[in-house]
Amino acid sequence: RSDDSLGQSPLRSPSVFNFYRPGYVPPNTAIATAGKQAPEFQLLNETTTAGYINFMQGMTRNGYYNFDVNPTYTALLLIAHDVPAVIAWLNLRLTANQLSANTLSVLQATLSAFNVTASSGANLKLDMLATACFLILCSPEYLVQK
Amino acid sequence: MSNELWTRRVVLQRAMQLGVMGVATPLAINLAAISEAAAFDNTDYKALVCLFMYGGNDYANTVIPYDNTNYNLYHAIRGGAAGQMAGGIAYGRAQLAATALVPNGGPVLTDNLQYALAPQLAGLKSIWDAGRLAVQLNVGPLIQPTTLAQYQSTNRVQNPLPPKLFSHNDQQSVWQANGTEGSTVGWGGRLGDIAMSSNTNNSLLTCISASGNAVFVAGREALQYQISPAGAIRIAALNTPLRDALSSIITRQSTHVLENEYAIVTRRSIDMEGVVNGALTGVDPLTSFVTTGNPLSSQLKIVARLIAARATLGMRRQVFFVSLGGFDNHNLLMQDHPNLMTRVNDAMSAFYAATSTLGVADKVTLFTASDFGRTLSSNADGSDHGWGSHHFVMGGAVNGGRFYGTAPHVSIQTPDQVGQGRLLPTTSVDEFAATLARWFGCNTGELPGILPNVANFTNTNLGFV
């Protein structure tokens, strides 16, 4: 399914060349103009970018179709009431502290709006933490390793 | 039949031609001529569809020698069993009776060859009988017409060959984009560059892949728009209170080129989703176009529905790309190739029927392509990488029911093959593509900008469409 899948299922590549070629140059990009290669861009198009985002929306809150692979947010639940701490925790572990000021500010505003306190119910905390992860995982700042 | 592209370029040419008639020419005539050229004409639509068979389709079990003499040669080389029975990687002759091709014209073929299609291609046989499927024999990449002696020569300056022959990824790129892997401009995309100005509303939808990324549909300005068989994919979270936060994160520009290019694709996905899905909502759902278990059918069905939406989208010229993988049949050829042929048959037949239902059969031309053909001889249970291959051209405008090009001898020794029955092409991809480009609306002067080596070939209109 294209609408909420990653298109990278293990062992299900479309050819003997696995999912992308080392020599791939994405046409009509500044990458091509610069004469560079970007192998992973062979997987990037209008369908896969949307499918990935839809997949992560479900994955971050409910795991993989409520199957065995589920995020538990164990460590984050302990600091869910502290939005800057949550952002710092994720920024370090997901992007090696490379999120931009713009993205950090969007996260601060969006996550604060959940009004999570130490005594909030688990569902509210999980909603907030899943949203935090979701927004970061969808950001090109996370997707492109630097 | 003149099928010129009604672009600004043509309008200006026409205006200049009228201008030289002198000042006595009434302005009204000029205006009428210009408005006729520039007006959107719903009936003047054309779509070119590339069906790429990834892996290198085995030509010898697709278009199969059928007359007794040549069948026996095929049967011997491919390891058939006694009495013209199936064996090795050869079909039994009786299996081919139902799909034996009777041409409605065209030249007598080499060695008086008669052919049958693979047994699974019954639907294509019907379209051949209706005169709407043509077979292009022995077509492949060439820099210039090439003899065996030239192929074997060590003088590559005088006798240039396409780069990296027999390499999957490079030949896929050579077929699609006249260059090895890493090429960024395909000839379908070049057609899109020329056609874009005809698509006044959504020029972004000029070149579309319903498969994975394909350089075929990338031009210098025209770029690939990719769509899934289910249509454009909506980002669900953009319909929630999270919309503004998410949107700002996934679409923002960046000074990092990879981040920036990633966001550009996401912006395009978001911008076009409503337009495309909105247009698709109103068109024939084509419920009789069955796609179960056939990813090629799924792709061609969304192509058909996009073609049905052409008026809503304001499209007049489009180039589409679909594909099927799995053709690299080094092993288990007789187990796997029939399944591939069934998928190709079912998908192509259903697509042709859909274009007929939609009333656009003569506005849509589909052609097949592949990395290369394969060996004629067997490696025990399969065939290996080759070069020239036989391909199909299908559509209501096709002069079908006959063969084009030169039939190869059924041999692993004649000078029209480079060993093991790997065909030395006698028709170039340039000539094949030029013929399709002309149908699409290009004139002779535009061909070199689409196909850099086309001047090396004399026959740039093979006549199949």
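Up top is the structure.
In this text the structure is predicted, and so the values were computed from the model without any measurement. (Residues numbered from 1 in each chain as written. Chains lettered and ligands numbered in written order. Predicted model: local features only at pLDDT ≥ 70, side-chain atom pairs only at ≥ 80, totals over all residues. Heavy atoms only, no water.)

Notes on the overall build of chain A
Operational definition: Helix and strand assignments follow DSSP, with helices taken as H or I runs no shorter than four residues and strands as E runs no shorter than two, numbered in order from the N terminus. Note on exposure labels: buried denotes an accessible area under 20% of the residue type's maximum, exposed denotes more than 50%, and partly exposed covers the range between, all computed with a 1.4 Å probe on protein chains only. Whether two residues are in contact is decided by their heavy atoms: any pair within 4.5 Å suffices. With residues, only the protein chains shown are counted as cover, and all accessible areas are computed by Shrake-Rupley using a 1.4 Å probe.
The number of helices and strands found in chain A is seven helices and zero strands. In chain A, the succession of α and β elements from N to C terminus is α-α-α-α-α-α-α. Counting only residues that meet the buried cut, chain A has 42% of its 146 residues in that class. Long-range pairs, those at least 24 residues apart, make up 52% of the contacts in chain A between residues at least 6 apart in sequence. Accessible surface computed for chain A: about 7,600 Å², of which carbon and sulfur atoms make up 56%.

Thoughts on the overall build of chain B
Our working rule: The globule rule used here is 2.2 Å times the number of residues to the 0.38 power, and the radius of gyration it is set against is calculated over C-alpha atoms.
Of regular secondary structure, chain B possesses 14 helices and eleven strands. In terms of overall dimensions, chain B is globule-like: its C-alpha atoms have a radius of gyration of 23 Å, near the 23 Å expected for 465 residues. A principal-axis box enclosing the C-alpha atoms of chain B has dimensions of 70 × 65 × 45 Å. Here chain B holds 465 residues, and the buried ones make up 59% of them.

A look at the interface of chain B and chain A
Where the parts come together, the accessible area they lose is often given as the size of the interface. Filter applied, for reference: Here's the idea: put two parts together, see how much 1.4 Å probe accessible area each one loses, and the total over both is what we call buried area. By definition, a salt bridge exists where a carboxyl oxygen of Asp or Glu is found within 4 Å of a side-chain nitrogen of Lys or Arg. In the analysis that follows, any N or O atom pair within 3.5 Å is treated as a polar contact, provided that within protein one partner can donate a hydrogen and the other can accept it, and provided that, for residues neighboring in sequence, both atoms belong to side chains.
If you look at the interface, chain B gives 42 residues, while chain A gives 43 residues. The largest share of the area that chain B buries against chain A comes from Asn213(B), Ile249(B) and Tyr262(B), three residues that together contribute 20% of it. In this assembly, chain B and chain A are joined by four salt bridges. With a shortest N-O distance of 2.5 Å, Glu181(B) and Arg21(A) are connected by a salt bridge. The interface formed by chain B and chain A contains 19 residue pairs in polar contact (both at pLDDT 80 or more). Breaking the side of chain B that touches chain A down by element, the ones donating at least two residues are α6 (168-177), β6 (224-226), α8 (243-251) and α9 (257-281) of chain B. With ten residues, α9(B) is the largest single contributor of residues to the side of chain B that touches chain A.

Digging into the pairing of strand β8 (residues 364-370) of chain B
All names here are of chain B. As a reminder, the rule being used: Criterion used throughout: strands pair if DSSP finds at least two bridges between them.
Most of β8 is tucked away, with seven of its seven residues classed as buried. The alternating pattern of β8 places Val 364, Leu 366, Thr 368 and Ser 370 on one face and Thr 365, Phe 367 and Ala 369 on the opposite face, and all of these are buried. In this structure, strand β1 (residues 46-53) lies alongside β8, joined through seven bridges in parallel fashion. In the sheet register, Val 49 faces β8, and the bridge partner there is Leu 366.

Notes on the pattern of salt bridges
Opposite charge on two side chains allows them to pair when their charged atoms are near. Taken as a whole, this structure holds twelve salt bridges over all chains when the rule is applied. The salt bridge partner of Glu259(B) is Lys146(A), with a shortest N-O separation of 2.6 Å. In this pair, Glu259(B) is assigned in helix α9 and Lys146(A) in the segment after α7 (140-143), connecting two distinct chains. The exposure class assigned to Lys146(A) is partly exposed, which follows from its relative accessible area of 43%. Linked by salt bridges that have partners in common, Asp44(B), Arg316(B) and Arg317(B) make up one network.

Re empty space enclosed by the protein
Inclusion rule: Cavities and pockets are found on a 1 Å grid laid over the protein atoms alone: a cavity is a set of points where a 1.4 Å probe fits but cannot escape, a pocket is an open set with protein on both sides within 12 Å along at least five of seven lines, and a lining residue has an atom within 4 Å of such a point. Grid points are joined across faces, edges and corners, and a volume is the space filled by probe spheres set on the points. Residues were grouped as follows: Ala, Val, Leu, Ile, Met, Phe, Trp, Tyr, Cys and Pro as nonpolar; Asp, Glu, Lys and Arg as charged; and all remaining residues, including Gly, as polar.
Under the definition given, this model contains six cavities of 30 Å³ or more. When its volume is computed, the largest cavity comes out at roughly 240 Å³. In terms of lining residues, the largest cavity is bounded by 19 residues, among which Pro27(A), Leu44(A), Asn213(B), Gln224(B) and Arg268(B) are the most central. Classifying every residue of the lining of the largest cavity gives eleven nonpolar, five polar and three charged. Each pocket or cavity is described by its volume, and for the second largest cavity that value is around 80 Å³. Residue lining of the second largest cavity: Tyr59(B), Ala60(B), Val63(B), Pro65(B), Tyr74(B), Tyr115(B), Leu376(B), His390(B), Pro408(B), His409(B) and Val410(B), and that is the complete set. Grouping the amino acids of the lining of the second largest cavity by side-chain chemistry returns nine nonpolar, two polar and no charged.

Thoughts on the packing of helix α4 (residues 83-95) of chain A against helix α6 (residues 122-138) of chain A
Residues and elements named next belong to chain A. Rules: Under this scheme, a helix contributes an axis fitted over its contacting stretch, all axes are lines through C-alpha atoms, and angles between N-to-C directions fall in the 0 to 180 degree range. If an angle is under 35 degrees, it is roughly parallel; if it is over 145, roughly antiparallel; if it lies from 65 to 115, roughly perpendicular; otherwise it is oblique. If you view the pair so one helix is near and one far, a crossing is left-handed when the near helix is turned anticlockwise from the far one by less than a right angle, and right-handed when it is turned clockwise.
As a packed pair, α4 and α6 sit with axes 11 Å apart at the nearest point and diverge in direction by 40°. The pairing of α4 with α6 is recorded here as oblique in orientation. Our pair here, α4 against α6, has a crossing hand that is right-handed. Here α4 contributes Val 83, Val 86, Leu 90, Leu 94 and Thr 95 to the contact with α6, which in turn contributes Met 128, Leu 129, Ala 132, Cys 133, Ile 136 and Leu 137. Taken together, the residues of the contact of α4 with α6 break down into ten nonpolar, one polar and no charged.

What to know about the environment of Ala195(B)
Residues and elements named next belong to chain B. Tracing the chain through its elements places Ala 195 in helix α7 (residues 187-195). Accessibility expressed as a relative area gives 0% for Ala 195, which makes it buried. When the C-alpha atoms of Ala 195 and Gln 95 are compared, they prove to be 44 Å apart, with 100 residues separating the residues in sequence.

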